[in-house]
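Notes for the structure review
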Amino acid sequence: MQNPELGDNPVEMLVVGCPLATADSYANALRNQGQAAHVKIADSLDSLDQQMATDPCEIVVINADADSPPCIQAIGKIRALLPTSSIVLVAADPLSHKKMAIEHRLQDLVNIEDVEHLALAIQREHQTLTLRRDVERLSRMLNEAEETNNLLVESSRDAIAYIHEGMYLKVNQAYLELFGYDSFDEIDGLPIMDMIDAESRTEFKDALRKLTETGKHSEDFHCVTGDGETFSARMEFSPASIDDEQCTQVVVYDQSQSLELQKRIEELTSKDAQTGFLNRQAFMERLEGLVSGSEDSDSDHSLIQLSITNYADMRENCGFDCAEEMLGEVAGVLSSTVPQAYTIARFGDHDFMIVSSEEEPALQVAERCLQSLRSHAFNSIKDSPVTPIYSVGVTRAEKGMDITAHELINRSCRATGIARTEGENRVVFYSDQIPGDTTHMAETDAAMVKQIDQSLANDGFRLKYQPIVSLQGDTRENYSVYLRMVGEDGKELEPETFLSQAHDANRLAEIDRWVVRNAIRELASHRRNGKKVIFYVILSRAGIEDDSMLLWICDCLREFRAKGAWLVFQFRETDLRSAIQPARELIDGLKKINCNIAINNYVDNEANQALIKQFTIDVVKLAPEYMRDLATQSGQQDKMNAVNQKLQADGYKTIASGVEDANSLAILWNTGINYIQGYFLQEPSSTISFDEEHQQ
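Residues numbered from 1 in each chain as written. Predicted model: local features only at pLDDT ≥ 70, side-chain atom pairs only at ≥ 80, totals over all residues. Heavy atoms only, no water.

Let us now look at empty space enclosed by the protein. Take a probe with the size of a water molecule and roll it over the atoms, and the empty space left behind shows itself. Within the structure shown, the criterion is met by one cavity of 30 Å³ or more. Space inside the largest cavity adds up to approximately 50 Å³. What lines the largest cavity is L287, L290, V291, H301, S302, L303, V355, A397 and L408. Among the elements of the structure, α9 (280-292) and β11 (301-308) are those that each provide at least two residues to the lining of the largest cavity. Grouping the amino acids of the lining of the largest cavity by side-chain chemistry returns seven nonpolar, two polar and no charged. (1 Å grid on protein atoms, 1.4 Å probe; cavity = no way out; pocket = protein on both sides within 12 Å on 5 of 7 lines; lining within 4 Å. Points joined across faces, edges and corners; volume = space filled by probe spheres on them. Helix = DSSP H or I, 4+ residues; strand = E, 2+ residues; numbered from the N terminus. Nonpolar A, V, L, I, M, F, W, Y, C, P; charged D, E, K, R; others polar.)

Rendered as structure tokens:
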């Protein structure tokens, strides 16, 4: 077991003048003490030159008793090539080499047979080197931060001053301009109190004294310019230092400036530029306020989702500009049809959301919008052979209903999806009793769909995590995320028991959204606790074809303050092949937010080689069939080695899946596979944990 106090980074050690067996015993002693270690050997000056030139190690063990290479020459060469290295001398009689060790300022002198003592010395030097790198890195970061801070202060549009005992140490240009001065020389020697109106000076003194008690805080004062004019300002006080001298930073905001500009900026950042409606983020904040009760409301609310079903076809037939103009016309029709008191948002490329009160039945509003759009003569597409087709879903949030904004969106998406399958220009109302058409399904399958709907509404799913272990030094914790559903008896159901029914009832995209949101929430929690966790999340074909999936992922990243770089989205080869264009658009979007992409269950053949070249793939997870009889069949080993070399030569990282026995690990290590995954390492677990003894 690796000791977490020793850190995640392994010891990189060079052993000079010792046989391989001895070097391995040193590495094993380190591992037994909980420290991962990689060892290399050099048995001559030439091999020492080669090792230091290609992969220099900062911890070197030298056998003082060895004839080749000579000890003194080896020490000199190492000191010349890497002066910061730590050198530990081993010998059968250490005391006889004490004078030489002192003269050359070596880090330790240990008996060659005392491997445990040597392991302690190496760990000490490793920790010292790590701390030294950390100090150098932090010092560099501090210097860069100070330089950046100075640049930001100088270029800031906010008026910033640094004062000590009421006198100016430094101000920026914005501060000089605000108070009507041309240079610092004009205020050098003036107390800041001269810039404060007489009526506010007592409060200003109290504010300065309060800094030691409350820390950073803000208050309003009346200030005076160099010309004697007064203005209202909010001053923000915070502790600071300049050249190691403690001082106070004062940021001055001119409150007399028109608030209309701020309102305009807020309006622009919350509105969709093309339609003038709320954008997706602002709409989600508004909806969350309504369903959570944080916004005062005595009435129920309904959510109407209107989707232009054939927007992609229209854009292909009449062109991008024409389709965009058509969206503007749709927005105009909705604005004139929907009461002004209702909230309208552009939720996606061709989806609109309307929040209505119960003063008028939502279905009536939805039907009126649909009728207005169908009867509208679009100027932008009058010459197009394709006319817009709409699908409308309606759902309701009653006062006191325990439902989240995300679940309400899920329900509207489900209703819209049902409307799309029922035909053109349909309106469907979401109902808990009839969440979707299951009349065509067997009774047991319909019951399973009902259970799926209940799980979606009540968080009846669970996530499982299986480690993906690096064989090539990746210190991050990689986990593949799997889904389970809690059955009526409380037992967890495998996906094979419910995904087929979910597919038949068009629930897979909703399940994908549940997995994505809950995986990102869990991931963000571990990241906040300092764990370098990466999640591999599988998306189904329905998720690929759901053109709102990318926006959903972005919403979840924003909600939980997570980063796309923490996620690897996995796609099955069959799903990519069946939905090439939407998969390409989704993957391109995911890459723009720094997510990585993996393909699952990969089998090397011409068709799959051509397939992965159509997408930006980072990781290839090999099909479990490559692991079958790997430990006993040389032909299977050759096949694994060949496909791995080919993929890595093309720039892909590789994962061997389905690892079920210990004998295969050594073969995979020699093959150069990047990662391994399988039940031999650990079965999927409800918690993020991994027994690292398998890595030793």
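Attention now moves to the pattern of salt bridges. Any two side chains of opposite charge can pair, given that their charged atoms come close. All chains considered together, the criterion is met by 29 salt bridges. Notably, a salt bridge pairs E12 with K40, separated by 3.6 Å at the nearest N-O pair. With E12 in strand β1 (residues 11-16) and K40 in strand β2 (residues 37-42), this pair connects stretches of sequence that are 28 residues apart. By relative accessible area, E12 is classed as partly exposed at 32%. For R513, the salt bridge is made with D546, and the minimal N-O distance between the two is 2.4 Å. Taken together, the residues span a long stretch of sequence, with R513 in helix α16 (residues 508-528) and D546 in the loop between α17 (541-545) and α18 (549-559) at a distance of 33 residues. By the burial criterion, R513 is buried, and D546 matches it. Shared partners join several salt bridges into a network, and the residues in it are R414, D453, R507 and E510. (Salt bridge = Lys/Arg side-chain N within 4 Å of Asp/Glu carboxyl O. Buried < 20%, exposed > 50% of the residue type's maximum accessible area, 1.4 Å probe, protein only.)

This next bit is on the sheet that holds strand β6 (residues 159-164). One open sheet accounts for five strands, arranged β7-β6-β10-β9-β8; its pairing is antiparallel. The sheet is open, and its two edges are formed by β7 (167-171) and β8 (217-224), each paired on a single side. With direction set aside, neighbouring strand axes in the sheet form an average angle of 35 degrees. Running over the sheet, helix α7 (residues 201-214) touches β6, β8, β9 (230-242) and β10 (245-254) and is turned about 160 degrees from β8. (Pairing = 2+ DSSP bridges. Axes fitted to C-alpha atoms, helices over the stretch in contact; angles between N-to-C directions. Contact = heavy atoms within 4.5 Å.)

Next up on the list: the packing of helix α10 (residues 311-318) against helix α11 (residues 320-337). At their nearest, the axes of α10 and α11 sit 6 Å apart, and the two run at 130 degrees to each other. In terms of axis orientation, α10 runs oblique to α11. Along the contact surface, α10 presents Y311, M314, R315 and C318, while α11 presents F320, C322, A323, E324, M326 and L327. Each residue belonging to the contact of α10 with α11 can be placed in one class, and the counts come to eight nonpolar, no polar and two charged. (Parallel < 35°, antiparallel > 145°, perpendicular 65-115°, else oblique.)

So, on to the pairing of strand β13 (residues 351-357). Among the seven residues in β13, seven count as buried, and that is most of the element. The side-chain alternation of β13 yields two buried faces, one formed by D351, M353, V355 and S357 and the other by F352, I354 and S356. Relative to β13, β11 runs antiparallel, the two sharing seven bridges. Residue H301 lies in a different strand from β13, and its bridge partner there is S357. Looking at chain direction, strand β12 (residues 343-346) and β13 are connected through four bridges and run antiparallel. Looking across to β13, one finds that R346 is bridged to F352. Once β12 ends, the chain turns through four residues before running back antiparallel as β13.

The next thing to look at is the packing of α9 against α18. At a minimum axis separation of 11 Å, α9 and α18 run at an interaxial angle of 60 degrees. Between α9 and α18, the angle falls in the class oblique. Note on packing geometry: the crossing formed by α9 with α18 is right-handed. The segment α9 lies against α18, with R280, Q281 and M284 engaging L551, W552, D555 and R558. (Left-handed = near helix turned anticlockwise from the far one by under 90°.)

Here we take up the sheet that holds β2. Pairing is parallel across the open sheet formed by five strands, whose spatial order is β2-β1-β3-β4-β5. Looking along the sheet, the strands with just one partner apiece sit at the ends: β2 and β5 (108-111). Neighbour to neighbour, the strand axes of the sheet diverge by 25 degrees on average, direction disregarded. Where β1 lies against β2, six bridges are found, and the strand directions are parallel. Bridge assignment links M13 to a residue of β2, and that residue is V39. With respect to the sheet, helix α3 (residues 71-81) is in contact with β1, β3 (59-63) and β4 (86-91), its orientation differing from that of β3 by roughly 165 degrees.

Glancing now at a negative patch on the surface. A grouping of E144, E146, E147, E165, D243, D244 and E245 is seen on the molecular surface, where their side chains present a negatively charged patch. In this structure, E144 sits in helix α5 (residues 115-155). (Patch = residues over 30% accessible without salt bridge, like charges linked within 9 Å, V, L, I, M, F, W, Y side chains within 5 Å. Areas by Shrake-Rupley, 256 points an atom, 1.4 Å probe, with all protein chains shown as cover. Lys, Arg positive; Asp, Glu negative; His and termini not counted. Charge placed at Lys NZ, Arg CZ, Asp CG, Glu CD.)

Moving on: the packing of aromatic side chains. Under the definition given, this model contains eleven aromatic pairs. Each ring, one from F277 and one from F352, has its centre 6.1 Å from the other, and the planes form 85 degrees; the classification is edge-to-face. With F277 in the loop between α8 (259-270) and α9 and F352 in strand β13, this pair connects stretches of sequence that are 75 residues apart. Here F277 and F352 have matching classes, each one buried. Plain terms: the ring middles of F461 and F498 are 6.0 Å apart, the flat faces sit at 45 degrees to each other, and that makes the pair tilted. Highlighted residues: F461 in strand β16 (residues 461-470) and F498 in the loop between β18 (492-493) and α15 (499-504), separated in sequence by 37 residues. In this structure an aromatic cluster arises from ring pairing among Y168, Y175, F179 and F231. Positioned above the aromatic ring of F347, the side-chain terminus of R280 is 3.9 Å from the ring centre. (Phe/Tyr/Trp six-rings, centres within 6.5 Å; stacked < 30°, edge-to-face > 60°. Lys NZ or Arg CZ within 6 Å of the ring centre and 35° of its normal.)

The quantities given are spatial measurements derived from coordinates; they are silent on function.
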